[in-house]
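Here's the letter readout for the chains.
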Amino acid sequence: MTGKLIKYEFRSILKIMGIGWAALLSMALFAGLFDHITFRHNDMEGFGHLTEIASAITSFLYGSLFVAIIVVTVLIILMRFYKGLLRDEGYLMHTLPMKTWQLITAKGVVAAAVSLISILAATLSVLILMAFDGGIEYFGEFMEELLRALGQHPAYIAILLEALLLGVCWIAAMIYKAYAALSIGQLAQKHRIALSVGAWIGIGVIFLIFLSILGNLSFSSAFSDWLEGLLEGIVNDSPLNAIQVGMWILILVEAVQIAIFHVVSEQILRRKLNLE
């Protein structure tokens, strides 16, 4: 049932975001094309002025779409959760033969996937512009060097994959943090959005305080000596091992946040659901 809900959720978002992704890539193509023509044929009387105007318009539209994709992605992720589980649609969603944690998981999985696709679309649009400006050659050289380094040092592949995993976990943690804030906000009878924003800020403050406490504990003599000896042993063994350990620590931190925010959202929606 969770898989079916994920499919339904993704299809619903795809109807909107698919158009945005296609428009962004198309506008990147037009902006790069007119920019290329402008610099290559700016000496042509009349024609050069037209291409300059077209280049300026398409570049402006591309920049606007680039920003819009980011904003719309964030808004859709928040609104799908808010409207789907906390407002009128929630009366239907919560009657489905699914547990609350499954509803939240379906929303979170789709939100993370949509975020990643938006990032990939934005990256691809930049590469399209680079291709017209000749920068793709430098990018190709960079990729050649990267692949050569990965071939000579296979351990770099693991670090690259861990960095990608860290990025995915960070995105998921931000999404679940927003879900937790919205879940706390729905406890209010009025001004739910304001309370959600306050909850978002409060969660961030609490997390910073927690990190500060851990930092102070790490400076205690016994723990500090143990940690220094551990890190020194890892670094002396291999600097790459030190990087990987750091990666996994960060991944663990993000995973813990995801679990905490998920539990907070699930408990509130299961015990204190207050639909509008």
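In this report, the structure presented in the accompanying data block is examined. Here the structure is a predicted model, which is why all the values come from computation and not from measurement. Here, residues in each chain are numbered from 1, in the same order as that chain's written sequence. The predicted nature of this model means local features are confined to residues of pLDDT at least 70 and side-chain atom pairs, given and counted, to a pLDDT of 80 or more, with totals for whole chains, interfaces and linings taken over all residues. Working from all heavy atoms in the structure, the side-chain values ignore hydrogens and water.

To continue, consider the pattern of salt bridges. A carboxyl oxygen of Asp or Glu within 4 Å of a side-chain nitrogen of Lys or Arg is what we treat as a salt bridge. One pass over the structure, following the stated rule, counts three salt bridges. A salt bridge links E9 to R80; the shortest N-O distance between them is 2.9 Å. Remark: R80 occurs in helix α2 (residues 47-86) and E9 occurs in helix α1 (residues 2-40); sequence separation between them is 71 residues. Burial status follows relative accessibility: with a 1.4 Å probe on protein chains alone, a residue under 20% of its type maximum counts as buried, one over 50% as exposed, and anything between as partly exposed. Exposure remark for E9: the relative accessible area of 2% places this residue in the buried category. By sharing partners, the salt bridges in this structure join E9, R80 and K107 into a single network. By the criteria applied, helices consist of DSSP H or I runs no shorter than four residues and strands consist of E runs no shorter than two, each listed in order from the N terminus.

Turning our eyes to something else, we now look at the environment of P97. Here P97 lies in the loop between α3 (89-93) and α4 (100-133). Along the sequence, P97 and T2 sit 95 residues apart, while their C-alpha atoms lie 9.9 Å from each other.

The next point concerns the side chain of T100. Relative to the assigned elements, T100 resides in helix α4. Of the residues examined, T100 reaches a relative accessible area of 12% and is grouped as buried. With residues near it in sequence (within four places) discarded, T100 still touches E266, L269 and R270. Any two residues having at least one pair of non-hydrogen atoms within 4.5 Å are treated as being in contact.

Here the focus is the packing of aromatic side chains. Ring geometry is summarised as follows: Phe, Tyr and Trp rings, the Trp one being its six-membered ring, pair when their centres sit within 6.5 Å, and such pairs are stacked at plane angles under 30 degrees, edge-to-face over 60 and tilted between the two. Considering all chains together, one arrives at three aromatic pairs under this definition. Here Y176 and Y179 contribute two aromatic rings whose centre-to-centre distance is 5.7 Å and whose plane-to-plane angle is 70 degrees, an arrangement assigned as edge-to-face. Residue Y176 and its partner Y179 are both found in helix α6 (residues 155-185); the two are separated by three residues, about one turn of the helix. Y179 carries the same exposure label as Y176, and that label is buried. Ring pairs connect the aromatic residues F81, Y176 and Y179, which therefore count as one cluster. For a Lys NZ or an Arg CZ to count as sitting over a ring, it must be within 6 Å of the ring centre and within 35 degrees of the ring normal. The side chain of K177 reaches across the aromatic face of W200, ending 4.1 Å from its centre.

Residues form patches when they are more than 30% accessible in relative terms and have no salt bridge. Like charges link within 9 Å. Nonpolar side chains (Val, Leu, Ile, Met, Phe, Trp, Tyr) link within 5 Å. Accessible areas in this description were obtained via Shrake-Rupley with a 1.4 Å probe; residue shielding takes into account the shown protein chains only. Taken together, the side chains of I193, V197, W200, I201, V205, I209 and I213 make up a nonpolar region of the molecular surface, amounting to roughly 630 Å² of accessible area. Among the structural elements, I201 can be located in helix α7 (residues 192-218).

Let's shift gears to unusual backbone geometry. With the exception of glycine, most residues fall at negative phi, and the peptide bonds are largely trans. One non-glycine residue, H191, lies in the positive phi region at around 55 degrees. Mapped onto the elements, H191 comes out in the loop between α6 and α7.

Here the focus is the nonpolar core. The set of buried Ala, Val, Leu, Ile, Met, Phe, Trp, Tyr and Cys residues whose side-chain atoms join them within 4.5 Å is what this entry labels a nonpolar core. Counting 27 residues, the largest nonpolar core has F81, L85, L86, I104, I175 and Y179 as the members making the most contacts within it. Elements supplying a minimum of two residues to this core: α2, α4, α6, α7 and α9 (239-271). In terms of residue count, the dominant contributor to this core is α6 (nine residues). With sequence-adjacent residues up to four places away left out, Y179 is seen in contact with I77, F81, I104, K107, G108, A111 and S265. The next biggest cluster of nonpolar side chains, apart from the first, holds 14 residues, and it includes I13, I69, I76 and V114.

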